Amino acid sequence: MQLKPGTILGHYEIVSSLGAGGMGEVYRAKDTKLGREVAVKLLLEEVSGDPERMARFEREAKVLAGLNHPNIATLYSFDTDGSTRFLVMEVVEGETLEKGLKKGALPIAQALEIGSQIGAAIDAAHKAGVVHRDLKPGNVMLTKTGVKVLDFGLAKSIEPEPLAANTESPTRMQPITGQDSILGTQLYMAPEQLESKDTDARTDIWALGCVLYEMVTGERPFQGDNQASLTTAIMASEPRPLRAVQEIAPPRLDWVVSRCLAKDPERRWQSALDVGIELQAVGDELQADARIEIGDAFAAPAVDARQAERPLQAHRWQRLVPWALTALFAVGAGAGAWWALRQAEVRSPARLVVALPPDQELSLGEEAAVSAIAISPNGQLLVYTAAQPGGGSTQLFLRPIDEFEAQPIAGTEGAQAPFFSPNGEWIGFFANRTLQKVSVLGGSPVKICDTIGLFPSASWGRDDTIIFSHFTFGLYKVSAGAGVPERLTLPDAAVGEFRHFDPQILPGGQHVLFTINYNDGPRAAILSLASNEWDWVLPNAHGARYVQTGHLVYAQDGALMVVAFDLDRLSASGSPIPTTERVPYLAGLGGAHFAVSDTGTLAYPPEDSGATDTTLVWVDRQNQQVTPVVDGLAPYKTPRLSADGNQIAVTITPDIWVIDVESGTRTLLTTDGYNLTPVWDQQRNGLTFSAVRGAAHFDLHFVPADGGREPEQLLARAGRQFPTSWGLDGNALAFFETTPAGSDIGILEEGGPSDFLSRPHNEDSPTFSPNGRWIAYVSEVTGEKEVHVTSYPEPVGSTPVSANGGRDPVWSRDGRELFFRQGEFLMVIPVETNGSVFTFEPAQVLLSGWPAPRLGKGVSHYDVTSDGNRFLMLQPPEATPSYINVVLDWFDELKRLTSTD
């Protein structure tokens with residue numbers, strides 16, 4: 001029977017349904033006598049009329065009443081209300097192991113810990129004379145306090161109890177309909193169960209082996225297309241060895257699991273206690289290996305890692321990584337003691353270089369404003385974002401500090417802004433406008449939530465909450481287990497704030513250190529999670545971080561600074577002191593590139609790796625000859641030619657300039673705020689651009705090309721607007737607008753703005769054809785950025801014109817060609833735009849070796865002359881060697897710098 005909320009059973013009031021199993025229904029209820037929440041379990045209506053089932057229900061309830069173990073859900077009572085009999089148990093809050101395994105294999109240490117607790121639970125049951133018979137991931141609950149094994153109410157006494165021929169086992173097999181069907185609990189049945197033989201404690205040990213195998217590999221040990229083939233596999237075949245599926249699995253663990261899965265019960269482990277002892281031994285071996293490795297790491301010489309003379313041991317990666325990820329065994333209790341020992345020691349910092357392979361270069365994201373590196377809390381693992389030189393998709397790479405090589409992390413293509421979980425077992429990152437996480441032991445990445453994906457940064461708290469930045473829309477928080485983000489802050493435009501980012505959850509979990517971009521520069525600030533109020537604590541601070549020595553570390557004009565910080569008062573004190581390190585930073589946007597572990601290891605890229613300077617050049621269409629427009633490097637962005645080709649409008653961060661092509665002279669058009677993406681308005685002889693100034697956050701403005709008067713605001717509304725193209729008669733401006741929900745295309749006319757393309761997928765880069773009848777734009781409708789063309793003023797249909805990726809569309813001045821970028825290639829498409837139907841020919845490579853600059857996306861960073869023979873391009877400086885600086889024992893240097901002795 002289905003009980004409704006408010007139903008009274010004895011002195012228990014039903015609150016809600018918690019679910020149903022093969023024989024019982026479970027409800028959340030309130031104990032009206034003791035005022036506590038409980039779980040009430042009833043036999044299913046079709047089962048409750050069976051005298052044998054009811055007798056078993058009562059008898060096993062009495063047995064369960066004698067079980068008292070922290071890993072077993074506690075039975076409070078067996079009660080009746082009229083003819084209804086029910087069990088009353090503790091409410092267990094958490095996530096089932098079955099749900100957790102849907103995300104893939106678990107880290108080795110976590111699997112060992114969960115397996116040990118399951119073993120302890122069933123060992124306690126066996127000693128009380130109960131065999132579970134339905135041990136499976138769906139009956140294991142993962143809670144904040146540990147593992148809880150459920151559904152002992154359907155277990156049986158260990159003494160032999162033959163089943164009647166017409167009686168179903170409590171672990172009923174479900175019909176198998178195909179390869180991908182959910183097979184029910186047959187997957188975890190021992191051979192003796194399938195043969196309807198007597199079951200004992202060793203039956204549960206078989207099931208425990210199946211669960212261990214699945215936790216370590218992400219696969220089930222036995223597979224089958226149907227019930228018969230699955231039975232055959234369990235009865236006659238052997239599962240693949242753990243190490244054949246998960247190569248980092250310790251050999252001893254492989255042996256433990258294989259003995260659990262022996263077909264003959266006599267050859268299995270004879271008690272769950274034995275299994276638990278062996279799992280603990282595996283964990284102890286990992287700890288021992290890790291202690292050796294951490295000693296080696298901190299003794300590393302201060303030389304280039306490529307020149308280290310220490311022999312490389314092939315198995316060290318397999319031994320170091322599992323331990324380095326797990327606070328479950330070593331870090332939690334040991335970190336405090338280790339830190340106390342370190343306080344008593346004084347070492348000179350050891351400096352070394354982690355060189356990237358020739359086919360990799362660090363990727364600092366758009367505007368070089370996104371972190372490319374992170375270091376694990378224990379200082380042993382380095383993760384970085386790299387791409388092939390000259391462009392290409394980024395990917396995460398994981399490298400132990402004292403090893404020669406990094407390993408690519410599968411499934412992280414397009415990743416940026418990596419960060420570690422507090423226990424070091426997970427790496428969070430941003431990719432494809434989502435926040436994701438991936439185990440450092442491998443497996444598929446897991447999506448946490450959607451994001452804008454521009455200039456991201458994040459911090460992972462010990463309560464499993466992630467706080468991240470959402471472009472210029474403030475800070476958000478979300479559960480690391482997935483969910484809908486909740487906004488914490490919104491920049492206060494009235495006081496000049498336009499971006500909150502780079503969060504760090506401070507010790508205690510009640511406050512967040514983050515960076516605020518003001519119009520006059522970045523400041524470090526503190527957010528109270530209790531009140532959602534914030535205030536700045538330190539001026540002119542790029543990327544501030546709190547470190548375990550009681551200091552804030554931040555960048556100022558490239559120098560890494562340190563200042564004392566009182567966690568109780570949440571205030572800095574004393575004068576900031578420069579360290580000997582210099583790190584990349586981005587003036588104006590507030591970011592800085594460095595990472596510090598809890599144990600005092602500092603990592604940072606070389607200072608010049610964050611440079612965004614380029615040369616403004618002409619590129620000849622026929623022979624690709626490159627000629628500078630003006631001499632020298634500068635942070636040029638979005639160059640735009642005037643209609644007559646005599647002037648170039650360009651952003652030189654943070655202002656808009658006009659360059660005379662013939663003389664090379666420059667005219668400054670803006671002097672306030674942060675200005676970008678200029679577009680020529682030929683009708684009014686001026687430029688439309690996006691700006692951050694005062695209360696305006698990337699709103700649309702206009703300024704005359706001669707700089708004769710101050711800019712005027714054209715559009716101010718929620719979201720961030722970026723102009724891209726004026727129509728034929730100068731009466732319609734195409735722009736794209738970003739919000740937390742994504743990116744859409746709008747049109748600004750004399751009557752005001754209107755939505756042109758507003759769809760579930762992201763769209764940007766709209767640009768009018770010269771005759772004003774068509775708009776080329778970039779859409780992510782296929783999941784990848786591709787160039788499309790639609791009609792104007794009504795968007796009738798949409799024609800994709802690129803394949804295998806496309807961005808930054810630009811029309812030729814005669815409307816006969818459409819250009820776009822694809823990786824390092826500039827592509828060209830012959831088109832026909834004069835008729836009522838848009839036609840085009842296949843795209844061809846026009847220029848090669850010109851990857852898109854590391855700059856803002858959605859706007860084009862090149863233009864074409866009116867005759868179509870030359871292209872105005874941005875040429876980056878020659879690539880410099882890509883490497884990461886690492887400083888060991890850096891906290892000792894901080895203590896010396898700040899000592900008052």
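All figures in this text were calculated on a predicted structure; none of them were measured in a lab. (Residues numbered from 1 in each chain as written. Predicted model: local features only at pLDDT ≥ 70, side-chain atom pairs only at ≥ 80, totals over all residues. Heavy atoms only, no water.)

1. What about the side chain of Asp123?
No. 1: Relative to the helices and strands, Asp123 is located in helix α4 (residues 108-127).
No. 2: The class for Asp123 is buried, based on a relative accessible area of 11%.
No. 3: Not counting chain neighbours up to four residues away, the residues in contact with Asp123 comprise Ala272 and Leu273. (Helix = DSSP H or I, 4+ residues; strand = E, 2+ residues; numbered from the N terminus. Buried < 20%, exposed > 50% of the residue type's maximum accessible area, 1.4 Å probe, protein only. Contact = heavy atoms within 4.5 Å.)

2. Points about the pairing of strand β10 (residues 146-149)
No. 1: Examined bridge by bridge, strand β9 (residues 140-143) and β10 share four bridges and lie antiparallel to one another. Paired with Val140 across the two strands is Val149, which belongs to β10.
No. 2: Here β9 hands over to β10 after two residues, the two strands then running antiparallel side by side. (Pairing = 2+ DSSP bridges.)

3. Remarks on the sheet that holds strand β46 (residues 720-726)
No. 1: One open sheet accounts for four strands, arranged β46-β47-β48-β49; its pairing is antiparallel. Each edge of the open sheet is held by one strand with a lone partner, namely β46 and β49 (752-757). Strand-to-strand, the axes of this sheet are offset by a mean angle of 35°, without reference to chain direction.
No. 2: Summarising the sheet, β46 and strand β47 (residues 733-739) pair through six bridges and their orientation is antiparallel. The residue of β47 that forms the bridge with Phe722 is Phe736. (Axes fitted to C-alpha atoms, helices over the stretch in contact; angles between N-to-C directions.)

4. Focus on the sheet that holds β10
No. 1: With antiparallel pairing, the three strands of this open sheet are ordered in space as β7-β9-β10. Two strands bound the open sheet, and with one partner strand each, they are β7 (95-96) and β10.
No. 2: Packing against the sheet, α4 makes contact with β9 and β10, and its axis sits at approximately 40° to β10.

5. A word on the confidence of the model for the chain
No. 1: Of all residues in the chain, 83% have pLDDT values of 70 or greater, and the mean over the chain is 82.
No. 2: Across residues 159-184, where pLDDT falls below 50, the model places 39 contacts with residues more than four positions away in sequence or in other chains.
No. 3: Throughout residues 291-346 the model reports pLDDT below 50, and contacts reaching past four residues in sequence, or to other chains, amount to 114 contacts. (pLDDT = per-residue confidence, 0-100.)

6. Some words on the packing of aromatic side chains
No. 1: Taken as a whole and assessed by the stated rule, the structure comprises 18 aromatic pairs.
No. 2: Measuring from ring centre to ring centre gives 5.9 Å for Phe468 and Tyr476, while their planes differ by 20°; the resulting arrangement is stacked.
No. 3: Residue class for Phe468 comes out buried when judged on its relative accessible area of 0%.
No. 4: Overall, Tyr476 belongs to the buried group, its relative accessible area being 8%.
No. 5: Ring geometry for Phe756 versus Tyr792: centroids 5.9 Å apart, planes at 45°, classification tilted. Within this pair, whereas Phe756 is found in strand β49, its partner Tyr792 is found in the loop between β52 (786-791) and β53 (799-800), the two being separated by 36 residues in sequence.
No. 6: Phe756 sits in the buried class, given a relative accessible area of 10%.
No. 7: Taken together, Phe419, Phe430, Trp460, Phe468 and Tyr476 form an aromatic cluster joined through their ring pairs.
No. 8: Arg684 extends its terminal NZ or CZ atom over the ring of Phe702, reaching a point 3.8 Å from the ring centre.
No. 9: Across the ring face of Trp618, the terminal group of Arg870 is positioned such that the distance to the ring centre comes to 4.1 Å. (Phe/Tyr/Trp six-rings, centres within 6.5 Å; stacked < 30°, edge-to-face > 60°. Lys NZ or Arg CZ within 6 Å of the ring centre and 35° of its normal.)

7. A look at the nonpolar core
No. 1: Counting 52 residues, the largest nonpolar core has Leu97, Ile108, Ile118, Leu135, Met215, Leu253 and Val275 as the members making the most contacts within it.
No. 2: Counting residues per element, the ones that place at least two in this core are α3 (97-101), α4, β10, α6 (201-217), α7 (227-236), α9 (251-260) and α10 (272-298).
No. 3: Looking at which element gives the most residues to this core, the answer is α6, with 10 residues.
No. 4: In this structure, Cys449, Leu454, Ala732 and Phe768 belong to the second largest nonpolar core, which totals 38 residues. (Core = buried A, V, L, I, M, F, W, Y, C linked by side-chain atoms within 4.5 Å.)

8. A word on the environment of Leu506
No. 1: Relative to the assigned elements, Leu506 resides in the loop between β26 (497-505) and β27 (511-518).
No. 2: Once the C-alpha coordinates of Leu506 and Ser459 are considered, the two residues, 47 residues apart in sequence, prove to be 9.6 Å apart.
No. 3: Leaving out residues up to four positions away in the same chain, Leu506 has contacts with His511, Leu513, Ile526, Tyr546, Leu567 and Leu570.

9. Examining the packing of α4 against α6
No. 1: Running from N to C, α4 and α6 point in directions that differ by 165°, and their axes come no closer than 10 Å. Classified by the interaxial angle, the pair formed by α4 and α6 is roughly antiparallel. For the crossing formed where α4 meets α6, the hand is right-handed. For the pair α4 and α6, the contacting residues are Ile108, Ala111, Ile114, Gly115, Ile118, Gly119, Ile122 and His126 in the first and Ala201, Asp204, Leu208, Val211, Leu212, Met215 and Val216 in the second.
No. 2: Tallied by class, the residues present in the contact of α4 with α6 amount to 11 nonpolar, three polar and one charged. (Parallel < 35°, antiparallel > 145°, perpendicular 65-115°, else oblique. Left-handed = near helix turned anticlockwise from the far one by under 90°. Nonpolar A, V, L, I, M, F, W, Y, C, P; charged D, E, K, R; others polar.)

10. Some details on the side chain of Arg28
No. 1: Mapped onto the elements, Arg28 comes out in strand β3 (residues 24-31).
No. 2: Relative accessible area serves as the criterion here: at 15%, Arg28 is assigned to the buried category.
No. 3: At a separation of 2.9 Å, a polar atom in the side chain of Arg28 contacts the side chain of Glu93. (Polar contact = N/O pair within 3.5 Å; in protein donor to acceptor, adjacent residues only side chain to side chain.)

11. So, the packing of α6 against α9
No. 1: Close contact between α6 and α9 brings their axes to 7 Å; oriented N to C, the two are set at 140°. Judged by the angle between their axes, α6 and α9 are oblique. As for the relative orientation of α6 and α9, their crossing is left-handed in sense. Of the residues in α9, those in contact with Ile205, Trp206, Gly209, Leu212, Tyr213 and Val216 of α6 are Leu253, Val257 and Cys260.

12. Remarks on unusual backbone geometry
No. 1: With omega at 15°, the peptide bond leading from Tyr792 into Pro793 counts as cis.
No. 2: Topologically, Pro793 is positioned in the loop between β52 and β53.
No. 3: Notably, Asn532 is not glycine yet its phi reads approximately 60°, a positive angle.
No. 4: Here Asn532 shows up in the loop between β28 (521-528) and β29 (533-539).
No. 5: By relative accessible area, which is 27% here, Asn532 ends up partly exposed.

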